[in-house]
Amino acid sequence: MAAAGAYHSSFKEEDAATFAGGCAVLPIRTTCRGPAPALESGAEDIIDEAIYLFKANVLFRNFEVKGPADRLLVYLTLYISECLRRIEGARGKAEALKALTNMALEAFPIPGDASFPLGPYFPTPESKQEADFIRSYLRQLREETGRRMIDKCYPDGETTPSKWWIAFSKRRFMNKASPDACRRYGRTVHANECVIGLMGLSPLLGGQVCLACGAHGEEWDAPSDDGCTVALTDSGHIM
């Protein structure tokens, strides 16, 4: 970990079973299916570390990757941010769990894909086999992370999510938007796709403004017809 700035992973290269997509393939505690080696009960894994460091790291706009485990830490920090947004928008624990499970298992970009939000931090897989492996590993991490975030946000049988976690749902780690945030209507909305009428009107800019390509990089919020709030990031992608 760092004495100043963002906190780094304590896992070393020798902790990894192998490497894929520039990531350390670390053992995790889970019953979710996937290629991660099993970790004995009670031992801390990379998911525990990402959750523990989340509230500190999510405040930073920059992160210097110092090793393969840091890439997982960055990915999971961004994913936890989206988990919190899904939990905040859910009506109760059961709906939140379903939302996170669906998000974990649906199609998502991996290193090398144009829509992968952390492209500069991850090398492109060298083969289809490596790409398939990292996709399977990340899916397993996503599913287990979602389960643990449900436990964190609904402790001791609570029916409403913890305000101490939901308070961080609006934070954007490194000013990045998770690509999972674009799928509120069952598909990805691209930066050059006009969505006038789909997302509604801009309360700040006035008139019919395309939230995907008409705000020229400014940040603003606009409620859609179904009450969902979206935002435009600096790169022009809907959050």
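We now turn to the structure provided with this report. A quick note: this is a predicted structure, and the numbers were derived from the prediction, not measured.

### Describing helix α3 (residues 93–105)
Okay, so step 1: Compared with the 18 Å implied by 1.5 Å per residue over 13 residues, the 18 Å span of α3 between its first and last C-alpha is a close match.
Okay, so step 2: Taken together, the buried positions of α3 are Ala96, Leu100, Met103 and Ala104. Here the buried residues of α3 occupy an arc of 100° about the axis, which is enough to place them on one side. Away from its buried face, by an angle of more than 90 degrees, α3 presents the exposed residues Ala94 and Lys98.
Okay, so step 3: Turning to α3, the residues buried within the fold contact α2 (68–89) and α4 (128–153).

### Looking at the environment of isoleucine 51
Okay, so step 1: Here isoleucine 51 lies in helix α1 (residues 46–57).
Okay, so step 2: For isoleucine 51, a relative accessible area of 5% gives the class buried.
Okay, so step 3: Measuring from C-alpha to C-alpha, the distance between isoleucine 51 and threonine 77 comes to 7.5 Å, with 26 residues separating the pair along the chain.
Okay, so step 4: Beyond its immediate chain neighbours, meaning those up to four positions away, isoleucine 51 contacts Ile80, Arg148, Met149, Lys152 and Trp165.

### A short note on the packing of α3 against α4
Okay, so step 1: Relative to each other, α3 and α4 sit at 165°, their axes nearing to 8 Å. Considered as vectors, α3 and α4 are oriented roughly antiparallel to each other. At the point where α3 passes α4, the crossing takes the right-handed sense. Within the contact between the two elements, α3 uses Lys93, Ala96, Leu97, Leu100, Met103, Ala104 and Leu105 and α4 uses Arg139, Arg142, Glu143, Gly146 and Ile150.

### Considering the nonpolar core
Okay, so step 1: Counting 53 residues, the largest nonpolar core has Leu26, Ile46, Ile87, Leu141 and Met149 as its most contacted members.
Okay, so step 2: Secondary structure elements with two or more residues in this core: β2 (23–25), α1, α2, α3, α4 and α5 (163–166).
Okay, so step 3: The biggest single contributor to this core is α2, with 12 residues.

### Considering the pattern of salt bridges
Oppositely charged side chains can pair when the atoms bearing their charge come close.
Okay, so step 1: Applying the stated criterion to the full structure yields 12 salt bridges.
Okay, so step 2: With a closest N to O distance of 2.9 Å, glutamate 82 and arginine 86 form a salt bridge. Of this pair, glutamate 82 and arginine 86 are both found in helix α2, 4 residues apart, which corresponds to roughly one turn of the helix.
Okay, so step 3: Assessed through its relative accessible area of 0%, glutamate 82 is described here as buried.
Okay, so step 4: For arginine 86, a relative accessible area of 18% translates into the label buried.
Okay, so step 5: Aspartate 132 is the partner of arginine 135 in a salt bridge, and the nearest nitrogen-oxygen pair spans 3.4 Å. Placement of both arginine 135 and aspartate 132 in helix α4 is noted, with a separation of 3 residues, approximately one turn of the helix.

### Structural notes on the packing of aromatic side chains
Okay, so step 1: According to the stated counting rule, one finds 4 aromatic pairs in the structure shown.
Okay, so step 2: Taking the centre distance of 6.2 Å and the plane angle of 15° together, the rings of tyrosine 75 and phenylalanine 116 count as stacked. One end of the pair, tyrosine 75, is in helix α2; the other, phenylalanine 116, is in the loop between α3 and α4, with 41 residues separating them in the sequence. Each member of the pair, tyrosine 75 as well as phenylalanine 116, is classed as buried.
Okay, so step 3: When the ring centre of tryptophan 165 is taken as reference, the NZ or CZ atom of lysine 55 above it lies at 4.3 Å.
Okay, so step 4: Note that arginine 142 overlies the ring of phenylalanine 108, its terminal NZ or CZ placed 4.0 Å from the centroid.

Rules used throughout
Residues numbered from 1 in each chain as written. Predicted model: local features only at pLDDT ≥ 70, side-chain atom pairs only at ≥ 80, totals over all residues. Heavy atoms only, no water. Helix = DSSP H or I, 4+ residues; strand = E, 2+ residues; numbered from the N terminus. Expected span 1.5 Å × (residues − 1). Buried < 20%, exposed > 50% of the residue type's maximum accessible area, 1.4 Å probe, protein only. Arc of directions from axis to C-beta. Contact = heavy atoms within 4.5 Å. Axes fitted to C-alpha atoms, helices over the stretch in contact; angles between N-to-C directions. Parallel < 35°, antiparallel > 145°, perpendicular 65-115°, else oblique. Left-handed = near helix turned anticlockwise from the far one by under 90°. Core = buried A, V, L, I, M, F, W, Y, C linked by side-chain atoms within 4.5 Å. Salt bridge = Lys/Arg side-chain N within 4 Å of Asp/Glu carboxyl O. Phe/Tyr/Trp six-rings, centres within 6.5 Å; stacked < 30°, edge-to-face > 60°. Lys NZ or Arg CZ within 6 Å of the ring centre and 35° of its normal.

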